[in-house]
Amino acid sequence: MKMYKVKQSDDVIVPVRAANRGMQVPAELSEERMSTKGNSQDQSTGRTQGRGTVSQAVERIRQAATRNQKERLTALLHHITPDALRWAYYSLKGGKAAGVDGVTWEEYEEGLEERLLDLNDRVHKGTYRAKPSRRVEIPKPDGGTRPLGIAALEDKIVQKAVVGLILEPIYEAEFLGFSYGFRPGRGAHDALDALAYCIEKRKVNWIVDADIQKFFDRIDRDWMIRFLEHRIGDRRIIRLITKWLNAGVMEDGEWKDDMRGTPQGAVVSPVLANIYLHYVVDQWFHKRWRMRKAKGEAVIVRYADDYVAGFECEEDAEQFLNDIKERLSEFGLNLHPDKTRLIEFGQHAMDDRRKRGERRPETFDFLGFTHYCRKTREGRFGLGRKPIAKRMARTLKRIGEVLRRRINGKVKDVAEWLGSVVRGWLGYYAVPTSYKYLKKFILRLKRKWLRVLRRRSQKDRFTWEGIERLTKAKWGPVKILHPWPDKRYAVKHLR
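Note that the coordinates shown come from a computational prediction; the quantities given were computed from them, not determined experimentally.

1. Considerations on the overall build of the protein chain
No. 1: A tally of regular secondary structure across the protein chain gives 18 helices and 11 strands.
No. 2: Relative to its 495 residues, the protein chain shows a buried fraction of 53%.
No. 3: Partitioning the contacts of the protein chain with sequence separation of at least 6, the portion at a separation of at least 24 is 71%.
No. 4: Of the roughly 23,400 Å² of accessible surface on the protein chain, 48% is carried by carbon and sulfur atoms.

Laid out in structure tokens, this is it:
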């Protein structure tokens, strides 16, 4: 086995020492992490000229960051070239909303080479100016809204180049194994697998389900710059990022900036959020809190600003909850009072609560799934996961609104559209233990569609049998698409 290197991800890594004291079974922190090299190269597109140059730049920065883990990298901006900007432009998706400049991806392609040469010249001369983001409000699952910033296209291009060629290669060598959100080669199901493995295989009896309140709006920019300067010594890159942070937003024709936060929706925001929480939460938990204060097992899985921590001892869980509140407050952040809970959950929770005459353990939500305690057919503890009920209801409501707008459309065309929606929904939610909830969702969707069809005319004679025939032909069967989390986790990380 290779020795575990906390700040290294260029090789597949497996620790000799378990992530949590006293255990020799790998957990969330002791998973292998594949090379950043492969992820970065995969970002290059076939349409991009000079993709070899871009990949070489990524590789050089990755090697320098890995080789000099405690040194600041001082020569970085020269990697931003017209080839890099061209790669960034074609990495962005067309058809997206325009920023305050009103320029779309398709319009920018006219005279692209001249535009990119001019943009590259302004970036290196220091005359490039970031434009404010256009703010829009998008609905949240809890019924509220979330401010989303839509950056100008040139800002997106430069941000994409800096993120893909500089920030990701540097910080993928820094980030810890239990950090999953907005990272190359890592997705929500990887975080869900790690959490399931910890709960089922480790000594987890208590869960802290935490959510940071308005995280992107409350990032302290001074601390953000200080964190970046731990690894980045090129002042030109720091000035670029500072320009994006201080660009502000345009809302109803008025420029606004409350001097903190970063626009949620900007290309650079996810990696900046991960860097901020890497220093505020991840390193603090791994190097200080768990080593000094935990009396039993302690594990954590973080996806962006949402994280779940598991503990063997109730005393540790209570101590962590108090300490994390103090830690976050030092950096201008707070836990959401309504979305942060300490609950009894895990292998012994069902039996212990039954002995005390209490009800079944509470559930908690993470990344779209409600997690609950269950018993397997053999009578052992198992983790159950199902789609969050409120999200199912919200999805059905949105589909119903579209169906009413398409009430006079061809039935077969609507069936094909619904099939694509259903396949996408199942692609995320069709995990083991969720089958009966998937069936309920599909049944409710069929009934909603039938009601809409029958409203088309008083003489409509569309039947349930007709719906069944159409959905069988256009939707396909309902089936589990993901393997058991411990199986997939073992294949990826436990060799």
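Let us keep going from here.
2. Comments concerning the nonpolar core
No. 1: Residues L167, L228, I275 and F320 are the most contacted members of the largest nonpolar core, which totals 83 residues.
No. 2: Setting aside its immediate chain neighbours within four residues, L228 contacts Y171, I238, I241, L272 and I275.
No. 3: Among the nonpolar cores identified, the runner-up in size contains 54 residues, and A194, A304, V411 and F441 belong to it.

3. Brief notes about a positive patch on the surface
No. 1: There is a patch of like positive charges on the surface, built from K397, R404, R447, R451 and R455.
No. 2: Where the positive patch is concerned, the elements lending two or more residues are α14 (389-405) and α16 (435-454).
No. 3: Note on placement: R447 falls in helix α16.
No. 4: What makes R447 partly exposed here is its relative accessible area of 45%.

4. Some thoughts on the pattern of salt bridges
No. 1: One pass over the full model with this rule turns up 28 salt bridges.
No. 2: The residue R354 makes a salt bridge to D351 at a minimum N-O spacing of 2.6 Å. With R354 and D351 both in helix α13 (residues 349-355) and three residues apart, this pair spans about one turn of that helix.
No. 3: In this structure D351 comes out as partly exposed when scored by relative accessible area, which is 24%.
No. 4: Several salt bridges share partner residues, and in doing so they unite E344, R353, R356 and E358 into one network.

5. Topic: the sheet that holds strand β11 (residues 381-387)
Two strands in a sheet stick together by hydrogen bonds in their backbones, pointing the same way (parallel) or opposite ways (antiparallel).
No. 1: Read across the open sheet, the three strands follow the order β9-β10-β11; overall the sheet is antiparallel. Here the strands that pair on one side only, and so sit at the sheet edges, are β9 (364-366) and β11. Between one strand axis and the next, the sheet turns through 40° on average, direction left out of account.
No. 2: Seen against the sheet, helix α7 (residues 188-201) touches β9, β10 (369-375) and β11 and runs at an angle of roughly 150° to β11.

6. A few points about the confidence of the model for the protein chain
No. 1: Scored by pLDDT, the protein chain comes out at a mean of 85, with 88% of its residues at no less than 70.
No. 2: With pLDDT under 50 throughout, residues 1-46 is counted as low confidence; its partners more than four residues away or in other chains account for 137 contacts.

7. As for the sheet that holds strand β8 (residues 341-344)
No. 1: One open sheet accounts for four strands, arranged β6-β7-β3-β8; its pairing is antiparallel. Two strands bound the open sheet, and with one partner strand each, they are β6 (298-303) and β8. Pairwise comparison of adjacent strand axes, ignoring direction, gives a mean angle of 15° for this sheet.
No. 2: Relative to strand β7 (residues 306-311), β6 runs antiparallel, the two being bridged by six bridges.

8. What about the packing of helix α5 (residues 112-125) against helix α6 (residues 153-171)?
Helix packing geometry: the angle between the two helix axes and the distance between the axes.
No. 1: Between α5 and α6, whose axes approach to 12 Å, the crossing angle comes to 65°. The pairing of α5 with α6 is recorded here as roughly perpendicular in orientation. Between α5 and α6 the crossing geometry is right-handed. Along its contact with α5, which presents L119, R122 and V123, the element α6 presents E154, I157 and V158.
No. 2: Of the residues assigned to the contact of α5 with α6, the class counts are four nonpolar, no polar and two charged.

About the criteria used
Residues numbered from 1 in each chain as written. Predicted model: local features only at pLDDT ≥ 70, side-chain atom pairs only at ≥ 80, totals over all residues. Heavy atoms only, no water. Helix = DSSP H or I, 4+ residues; strand = E, 2+ residues; numbered from the N terminus. Buried < 20%, exposed > 50% of the residue type's maximum accessible area, 1.4 Å probe, protein only. Contact = heavy atoms within 4.5 Å. Areas by Shrake-Rupley, 256 points an atom, 1.4 Å probe, with all protein chains shown as cover. Core = buried A, V, L, I, M, F, W, Y, C linked by side-chain atoms within 4.5 Å. Patch = residues over 30% accessible without salt bridge, like charges linked within 9 Å, V, L, I, M, F, W, Y side chains within 5 Å. Salt bridge = Lys/Arg side-chain N within 4 Å of Asp/Glu carboxyl O. Lys, Arg positive; Asp, Glu negative; His and termini not counted. Charge placed at Lys NZ, Arg CZ, Asp CG, Glu CD. Pairing = 2+ DSSP bridges. Axes fitted to C-alpha atoms, helices over the stretch in contact; angles between N-to-C directions. pLDDT = per-residue confidence, 0-100. Parallel < 35°, antiparallel > 145°, perpendicular 65-115°, else oblique. Left-handed = near helix turned anticlockwise from the far one by under 90°. Nonpolar A, V, L, I, M, F, W, Y, C, P; charged D, E, K, R; others polar.

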